[in-house]
Amino acid sequence: MARAKLDRIDRRILSDLQSNGRMTNVELAERAGISAPPCLRRVRALERAGIIKGYHAELSPEALGYSVSVFALVGLNSQAEADLKSFEELIEKWDEVRECHMLAGEADFLLKIVAETWDEYQKFLTTRLTSAPNVSHVKSMMVFRTAKQVPGVPISTEA
C-alpha cells in the first residue's frame, strides 16, 4: 500500500481519534479547526481509504478474568506459503490468540496469547498449539508486567 498523503488536518483527526475513538464529530472538528460537516467527510474518506480500519473498546483483561498473558515464538517444520497460510487460518479460530505476527529469523510466528490461569494456558499449549499440524517448536515467554501499551502509530500533527 502506498503511503497516504495527509495534510495537517487529516493528521490531527487521526491523532485525536487514535487516542479517543469515542470523540464526537463536533469535538473532533473543533480540535481540527474546521466545521463538523467537512470533518465528517474527512473521517469517512479516511475510512474508505483504509487508513481508519475500525473503532474498538480497550478492555481490561484482568477485570474479565484473564490474568495470564504469554508471548509464544512458534517454529514450523515448513515455511512453504501454503503451510504458513494454513497455520494462520488455524490460529484465526483460537480466541486465546489475540495477535499473530509472521517473523524473519529463528521463529516463524510470534503469538500473543491470553488465558484465565496458568493451567488453562498449559492446556491450550499442549492440546492445541504444540499438537497443531506443522508446528515444530514453541517457546513461551510469560508477561510479568506491561510498562507500555500504546495502540496505533505515532502521528505528527506538525505541518
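Residues numbered from 1 in each chain as written. Predicted model: local features only at pLDDT ≥ 70, side-chain atom pairs only at ≥ 80, totals over all residues. Heavy atoms only, no water.

Taking an unreviewed UniProt entry as the reference, the protein chain is identified by name as Lrp/AsnC family transcriptional regulator belonging to Reyranella aquatilis.

Q: For this particular structure, what's the right way to read the overall build of the protein chain?
A: Tallying secondary structure elements over the protein chain gives five helices and four strands in all. Along its sequence from the N terminus, the protein chain presents helices and strands in the succession α-α-α-β-α-β-β-α-β. A compact globule built from 159 residues should have a C-alpha radius of gyration of about 15 Å, whereas the protein chain, at 20 Å, is more than 25% larger. Summarising its shape, the C-alpha atoms of the protein chain cover approximately 55 × 40 × 25 Å along the three principal directions. The burial tally for the protein chain puts 26% of its 159 residues in the buried class. At a minimum sequence separation of 6, the contacts of the protein chain that also span at least 24 residues come to 65%. Summed over all atoms, the accessible surface of the protein chain reaches about 11200 Å², with 51% contributed by carbon and sulfur. Computed over 21 positive and 22 negative side-chain charges, the inter-centroid distance for the protein chain is 8 Å. (Helix = DSSP H or I, 4+ residues; strand = E, 2+ residues; numbered from the N terminus. Rg over C-alpha atoms; globule rule 2.2 N^0.38 Å. Buried < 20%, exposed > 50% of the residue type's maximum accessible area, 1.4 Å probe, protein only. Contact = heavy atoms within 4.5 Å. Areas by Shrake-Rupley, 256 points an atom, 1.4 Å probe, with all protein chains shown as cover. Lys, Arg positive; Asp, Glu negative; His and termini not counted. Charge placed at Lys NZ, Arg CZ, Asp CG, Glu CD.)

Q: Hey, could you run me through the UniProt feature "domain: HTH asnC-type" (unreviewed entry) in the protein chain in this one?
A: In the numbering used here, UniProt assigns the feature "domain: HTH asnC-type" (unreviewed entry) to residues 6–67. Helix makes up 53% of residues 6–67 and strand 0%, whereas the separation of the span's terminal C-alpha atoms amounts to 40 Å. (UniProt positions renumbered as here; feature names shortened; annotations may be inferred.)

Q: I'm lost on the environment of Ile34 in this one. Help?
A: For Ile34, the location among the structural elements is in the loop between α2 (25–32) and α3 (36–48). Between the C-alpha atom of Ile34 and that of Ser86, which follows or precedes it by 52 residues, the distance is 47 Å. Once residues within four sequence positions are removed from consideration, Ile34 is found in contact with Ile9, Ala29, Cys39 and Arg42.

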